[in-house]
Amino acid sequence: MAPTTLVKMLGKSIRNPQRAALRLVLNARVARSSLKRDRSRLFGTISRAWNVDALALSEEYRSSDYARWYQERLAELRQLPAEARMGTSGDFACEALYVLVRAAKPQAVVETGVLYGASSGHILAALAANGAGRLYSIDLGVRPGEPPHDFLVDCGFLPRWEYIVGDTTLELPRLLERIRGVDMFHHDSLHTFDHMMWEYETVAPYLRPGGILASHDVLVSDSIRNIFRENAFPAFCQQRHLKHIMVRNSGIARRPKRPSRSSRPWMSLMGAAPAR
């Protein structure tokens, strides 16, 4: 480990020892599997689920103008003083979102948590490549002195994007009632068990058959006290009997296209879904 990296880690540990400890636990969990194996698992799952070549979509992304532009902007972001910025989604999580959206071709995508637009930009880039679809994002907004929420979003994608500033607990129900149906939901806001579960349960009645439930931070704990508690994402999927995959702190599940014996808990617990 480089001396400068070690100094930064020590500084963060002193300022927020609990967060540093949780980050160490997360890194240990992620390190249990190799990136190569995780890519193979995820892209194999996407290929089978949507009858596509996910590896080809990955190569499409890596050779795209947006991927090059994104890395340049990311480098600019990392040059900013640490006190002026927070972290952002990792490269693998962003690439996975792009491939997923390209494969599934959702029309209405809702996400919570934007920060500087890493996930948003990749979802929008995939929607643009699909030639259809719209993204609705809810976020509390950045603090004074931080980069803007669209720092990592190409301006050419803005017509497909509705950015809503506000508390998710207020804005998410309003948005869902307005658009009535969701093809894909992506969580990346407050990562406590109760809030994550609330978001999943709130979106579930609006998720169309075959719709996607995606989530970041599916391996994290929200406190040292709950460090061995199951994350909300696998807990929700198990309660609803949803097939899901978790790869490097990202999770993907899919609502069944047709009711079946295994999917009845989804319908009985959620009630009649307004999405058609």
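Cut-offs applied
Residues numbered from 1 in each chain as written. Predicted model: local features only at pLDDT ≥ 70, side-chain atom pairs only at ≥ 80, totals over all residues. Heavy atoms only, no water. Core = buried A, V, L, I, M, F, W, Y, C linked by side-chain atoms within 4.5 Å. Buried < 20%, exposed > 50% of the residue type's maximum accessible area, 1.4 Å probe, protein only. Helix = DSSP H or I, 4+ residues; strand = E, 2+ residues; numbered from the N terminus. Contact = heavy atoms within 4.5 Å. Axes fitted to C-alpha atoms, helices over the stretch in contact; angles between N-to-C directions. Parallel < 35°, antiparallel > 145°, perpendicular 65-115°, else oblique. Left-handed = near helix turned anticlockwise from the far one by under 90°. Nonpolar A, V, L, I, M, F, W, Y, C, P; charged D, E, K, R; others polar. Phe/Tyr/Trp six-rings, centres within 6.5 Å; stacked < 30°, edge-to-face > 60°. Expected span 1.5 Å × (residues − 1). Salt bridge = Lys/Arg side-chain N within 4 Å of Asp/Glu carboxyl O. Pairing = 2+ DSSP bridges. pLDDT = per-residue confidence, 0-100.

**Some points on the nonpolar core**
Piece 1. One finds Leu42, Ile46, Tyr70, Leu100, Leu152 and Met184 to be the most contacted residues of the largest nonpolar core, which totals 42 residues.
Piece 2. When contributions to this core are tallied by element, the ones reaching two or more residues are α3 (35-50), α4 (54-62), α5 (65-79), α6 (91-104), α7 (118-130), β5 (207-216) and β6 (244-247).
Piece 3. Discounting residues that sit within four places of it in the chain, Leu42 has contacts with Phe92, Ala96, Ile245, Val247 and Ile252.

**Observations regarding the packing of helix α9 (residues 193-203) against helix α10 (residues 232-239)**
Piece 1. The geometry of α9 relative to α10 is characterised by a closest axis approach of 9 Å and an angle of 40° between their N-to-C directions. By the angle between their axes, α9 is oblique relative to α10. For α9 against α10, the interelement crossing comes out right-handed. Contact residues: α9 offers Phe193, Met196, Met197, Tyr200 and Glu201, while α10 offers Ala232, Phe233, Ala235, Phe236 and Gln239.
Piece 2. Across the contact of α9 with α10, the residue classes break down as 8 nonpolar, 1 polar and 1 charged.

**Description of the packing of aromatic side chains**
Piece 1. According to the stated counting rule, one finds 7 aromatic pairs in the structure shown.
Piece 2. Between Tyr66 and Tyr70 the ring centres are 6.0 Å apart and the planes differ by 35°, which places this aromatic pair in the tilted class. Here the residue Tyr66 and the residue Tyr70 both occupy positions in helix α5, the gap between them amounting to 4 residues, near one helical turn. In terms of burial, Tyr66 and Tyr70 fall into one category: buried.
Piece 3. Cluster of aromatic residues (ring-pair linked, three or more members): Tyr66, Trp69, Tyr70 and Phe157.

**Focus: α3**
Piece 1. Here α3 is 16 residues long and its end C-alpha atoms lie 22 Å apart, about the 22 Å a rise of 1.5 Å per residue gives.
Piece 2. For α3, every residue scored as buried is listed here: Asp38, Arg39, Leu42, Phe43, Gly44, Ile46 and Trp50.
Piece 3. Residues of α3 that are buried in the fold lie against α4, α6, β5, β6 and β7 (250-254).

**Notes on the pattern of salt bridges**
Piece 1. This structure, assessed with the given rule, holds 13 salt bridges.
Piece 2. The shortest N-O distance in the salt bridge between Asp38 and Arg41 comes to 3.9 Å. Residue Asp38 and its partner Arg41 are both found in helix α3; the two are separated by 3 residues, about one turn of the helix.
Piece 3. A relative accessible area of 3% places Asp38 in the buried class.
Piece 4. On the basis of relative accessibility, which here comes to 37%, the residue Arg41 falls in the partly exposed class.

**A short note on the sheet that holds strand β2 (residues 134-139)**
Piece 1. Reading across from one edge, β3-β2-β1-β4-β5-β7-β6 is the order of the 7 strands in this open sheet, with mixed pairing throughout. Each edge of the open sheet is held by one strand with a lone partner, namely β3 (161-165) and β6. Adjacent strand axes in the sheet meet at a mean angle of 15° when their direction is disregarded.
Piece 2. The sheet contact formed by β5 and β7 spans 5 bridges and is antiparallel. Paired with His216 across the bridge in β7 is Ser250.
Piece 3. Where α9 meets the sheet, it contacts β1 (108-112), β4 (182-187) and β5, and its direction lies at approximately 175° from that of β4.

**Quick notes on the environment of Pro147**
Piece 1. Counting through the fold element by element, Pro147 comes out in the loop between β2 and β3.
Piece 2. The class of Pro147 is buried, set by a relative accessible area of 6%.
Piece 3. If near-sequence neighbours (up to four positions away) are discounted, Pro147 is found in contact with Leu77, Leu80, Ala84, Arg85, Tyr116 and Val142.

**Concerning the confidence of the model for the protein**
Caution applies to low-pLDDT parts of the model: their predicted coordinates are not meant to be read in detail.
Piece 1. For the protein, per-residue confidence averages 84 on the pLDDT scale, and 79% of positions sit at 70 or higher.
Piece 2. Residue range residues 263-276 is modelled with pLDDT below 50. Its contacts to residues more than four positions away, or to other chains, number 31 contacts.

**Some points on the packing of α3 against α6**
Piece 1. Their axes nearest at 10 Å, the elements α3 and α6 cross at an angle of 15°. When the axes of α3 and α6 are compared, the pair comes out roughly parallel. The handedness of the crossing between α3 and α6 comes out as right-handed. Residues Leu35, Asp38, Arg39, Leu42, Phe43, Ile46 and Trp50 of α3 pack against Phe92, Glu95, Ala96, Val99, Leu100, Ala103 and Ala104 of α6.
Piece 2. The residue makeup of the contact of α3 with α6, split by class, is 11 nonpolar, no polar and 3 charged.

**Notes on the side chain of Asp217**
Piece 1. In this fold, Asp217 is placed in the loop between β5 and α10.
Piece 2. Taking relative accessible area as the criterion, Asp217 reaches 9% and is therefore assigned buried.
Piece 3. Sequence-distant contacts of Asp217, defined by excluding residues within four places in its chain, comprise Asp188, His191, Met196, Asn231 and Asn249.

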